[in-house]
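Notes for the structure review
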Amino acid sequence: MIFDLTNFELTNNVVICAHVNPDGDAIGSSLALKHYLERKGKQATIIVPNIFPDFLKWMPGADSILIYTNKKQQEQAKAAIEGAELVIVCDLNQPNRLGYMEQDIMASKAPRILIDHHLDPNPDFCQLTFSEPEMSATGEVICHLLSKAGELDDISHDEAVCLYTAMMCDTGAFSFNSNRPIIYEYISRLMARGIDKDQIYRNVFYTASEGRLRLQGFLLYVNMKVLHDRHTSIMTLTNEERRRFKVKNGDTEGFVNIPLTMLGMRLSIFINEDTEHPGTMKLSLRSIGDFPCDQMASRFFGGGGHKNASGGKLHCSMPEAIEKVKAAIDFYAEMLK
Ligand code: 5GP
Ligand code: MN
């Protein structure tokens, strides 16, 4: 299937949506598609379920993204969904990952296209599915589709910036999930569109607030527990601690990866109390090598994701969550030896 939205000749109004707690890949892929569609003369509106981190706000077009849970924007978001002739769902594999906007998106009569790289895509919720789980990012899936359509070398500077950012964010600046040589072919073709990849790196990674840096120090010094015999670390953060360090949601982005920089570590689990739903614990899992975070997340934490990066939730107190996490780690003791 060639990726050419001009196939949808009568389609003018497109809604692009992405997953709850949108990350760099979700925002970058959505924006790249928006710029692409607008270049083709279409109207495209991006709607995400909730806020996205400040370190993505520099991206071209980011200020046009509608936040569904923002009271001032919800009416506009609902109107866009109602008027949509096509919905593109980005960077998620299950409708429930649309969070608060799941119902509205699923109720829309417009055909849906899924563009994603998560394992086990739900085959039923979109009419057309481009799912490439071996790819590093939804941004890479879009590069692949544009390349197949013979369009990758003609994209705009803004499209290239957004695609590069998407891939860079989902691979930890090309430090994991990034061994497929074609990724570097895509990067070289994006660079030919004039992107400054060093500047993009600084835009995303050199933006810490003082609170974030101090919180990082506190979490590593005080809250990180290392289970040496399991090659695993557990780190926790409560809303009370978040307030103490005056940090916002996105300020903890990437923390879960830090314990994996310890020699011999295989698994890192970050238990983060949900800011919007106190009493709900959001879990982030990251592994190195073969350990299947997605299996652990779906078996124990009602979640899922990728082999090396997954997430889930627990509805309990922090001490209870820690016990549940320890039980899950014990279940996989053999694999974590
Ligand atoms: P993060 O730790 O950054 O929140 O999530 C990492 C990855 O895990 C996401 O890209 C997503 O694939 C997956 N993930 C996170 N939370 C959930 C969840 O509640 N359910 C499912 N199915 N996947 C999740
Ligand atoms: Mn992604």
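Predicted model, so just to flag it, every value in this text is computed and none were measured. (Residues numbered from 1 in each chain as written. Chains lettered and ligands numbered in written order. Predicted model: local features only at pLDDT ≥ 70, side-chain atom pairs only at ≥ 80, totals over all residues. Heavy atoms only, no water.)

Overview of the overall build of the protein
In plain terms, the rule: Under the scheme used here, helices are H or I runs from DSSP no shorter than 4 residues and strands are E runs no shorter than 2 residues, and both carry numbers assigned from the N terminus. It is over C-alpha atoms that the radius of gyration is taken, and the globule rule equals 2.2 Å times the number of residues to the power 0.38. For every residue, the accessible area (1.4 Å probe, protein chains only) is compared with the maximum for its type, and the residue is labelled buried under 20%, exposed over 50%, or partly exposed between those bounds.
Along the protein, the regular secondary structure elements total 11 helices and 12 strands. On C-alpha atoms alone, the protein measures out to a radius of gyration of 20 Å, which is about the 20 Å that the 2.2 N^0.38 rule sets for 337 residues. Dimensions of the protein, computed from the C-alpha atoms along their principal axes, are close to 60 × 40 × 40 Å. When burial is assessed residue by residue, the protein has 52% of its 337 residues classed as buried.

A closer look at the packing of helix α4 (residues 138-148) against helix α6 (residues 182-191)
The relative placement of two packed helices comes down to the angle between their axes together with the axis-to-axis distance. For clarity, the cut-off: Only the stretch in contact is used when fitting a helix axis, every axis being a line fitted to C-alpha atoms; angles between N-to-C directions are given from 0 to 180 degrees. What sets the label is the angle itself: under 35 degrees gives roughly parallel, over 145 gives roughly antiparallel, 65 to 115 gives roughly perpendicular, and the rest give oblique. Residues count as neighbours in contact if any of their non-hydrogen atoms are within 4.5 Å of one another. Amino acids outside the nonpolar list (Ala, Val, Leu, Ile, Met, Phe, Trp, Tyr, Cys, Pro) and the charged list (Asp, Glu, Lys, Arg) are all regarded as polar, and Gly is one of them.
The contact between α4 and α6 brings their axes to 11 Å, and the two run at 75°. In terms of their interaxial angle, α4 and α6 are classed as roughly perpendicular. Here Glu140, Cys143, His144 and Ser147 of α4 lie close against α6, whose contacting residues are Ile182, Ile183, Tyr186, Arg189 and Leu190. Its residues assigned to classes, the contact of α4 with α6 shows 5 nonpolar, 2 polar and 2 charged.

Let's talk about the packing of helix α10 (residues 293-300) against helix α11 (residues 318-331)
Basically, it comes down to this: By definition, turning the near helix anticlockwise from the far helix through less than a right angle yields a left-handed crossing, and turning it clockwise yields a right-handed one.
For the pair α10 and α11, the least separation of the axes is 11 Å and the interaxial angle reads 130°. Here α11 runs oblique to α10, going by the angle between their axes. α11 is crossed by α10, and the crossing has right-handed handedness. Taking contact as the criterion, the partners of Met296, Arg299 and Phe300 in α10 are, on α11, Ala328, Ile329 and Phe331. Grouping the amino acids of the contact of α10 with α11 by side-chain chemistry returns 5 nonpolar, no polar and 1 charged.

Overview of the sheet that holds strand β8 (residues 232-237)
Where we set the bar: In short, DSSP must find at least two bridges between two strands for them to pair.
Spatially, β7-β8-β9-β10-β12-β11 is the arrangement adopted by the 6 strands of the open sheet, whose pairing is mixed. Lying at the two open borders of the sheet, with one neighbouring strand each, are β7 (225-227) and β11 (304-305). With 3 bridges joining them, β7 and β8 adopt antiparallel strand pairing. Bridge pairing in β8 places Lys225 opposite Ile234. Most of the contacts of α10 go to strand β12 (residues 309-315), to which it runs at about 15°, and overall it touches β9 (267-273), β10 (280-287), β11 and β12.

Topic: the site of ligand 1
Selection rule: A molecule or strand has a residue near it when one of that residue's heavy atoms lies within 4 Å. N or O atoms closer than or at 3.5 Å make up a polar contact, with two conditions inside protein: a donor-capable atom paired with an acceptor-capable one, and, for residues adjacent in sequence, both atoms drawn from side chains. Surface exposure here means Shrake-Rupley accessible area, sampled with a 1.4 Å probe, where a residue is shielded only by the protein chains that are shown.
Taken together, 13 residues form the shell around ligand 1, and within it His118, Lys282, Ser284, Arg286 and Gly311 come nearest. Contact between ligand 1 and Lys282: an oxygen atom at 3.0 Å from a side-chain N or O atom of the residue. Between Arg286 and ligand 1, the recorded distance is 2.9 Å, taken from a side-chain N or O atom to an oxygen atom. Expressed as a share of its isolated accessible area of 500 Å², the protein-covered part of ligand 1 is 82%. When residues in the shell around ligand 1 are grouped by element, the largest group, 4 residues, is from β12. Of the residues contributing to the shell around ligand 1, the split by class is 1 nonpolar, 9 polar and 3 charged.

With respect to the side chain of Asp274
Here is the rule we go by: Charge assignment: positive for Lys and Arg, negative for Asp and Glu; neither His nor the chain ends contribute. Should a side-chain nitrogen of Lys or Arg be within 4 Å of a carboxyl oxygen of Asp or Glu, the pair is scored as a salt bridge.
When you line up the elements, Asp274 lands in the loop between β9 and β10. No salt bridge is formed by the buried Asp274; the nearest opposite charge belongs to Lys313, separated by 5.8 Å. With near-sequence residues (within four places) excluded, Asp274 lies in contact with Asn239 and Thr280.

Re the sheet that holds strand β3 (residues 66-67)
Taken together, 6 strands build an open sheet; the order of strands is β3-β2-β1-β4-β5-β6 and the sheet is parallel. Each having just a single partner strand, β3 and β6 (128-131) make up the two edges of the open sheet. Relative to strand β5 (residues 112-116), strand β4 (residues 86-90) runs parallel, the two being bridged by 4 bridges. In the sheet register, Cys90 faces β5, and the bridge partner there is Ile115.

Describing the pattern of salt bridges
For the structure shown, the criterion picks out 15 salt bridges. Linking Arg189 and Asp153 is a salt bridge whose minimum nitrogen-to-oxygen distance equals 2.9 Å. Of this pair, Arg189 sits in helix α6 while Asp153 is found in the loop between α4 and α5 (157-170), placing the two residues 36 residues apart along the sequence. On the accessibility criterion, Arg189 (17% relative accessible area) is buried. A single network of salt bridges, built from pairs that share partners, joins Asp153, Glu185 and Arg189.

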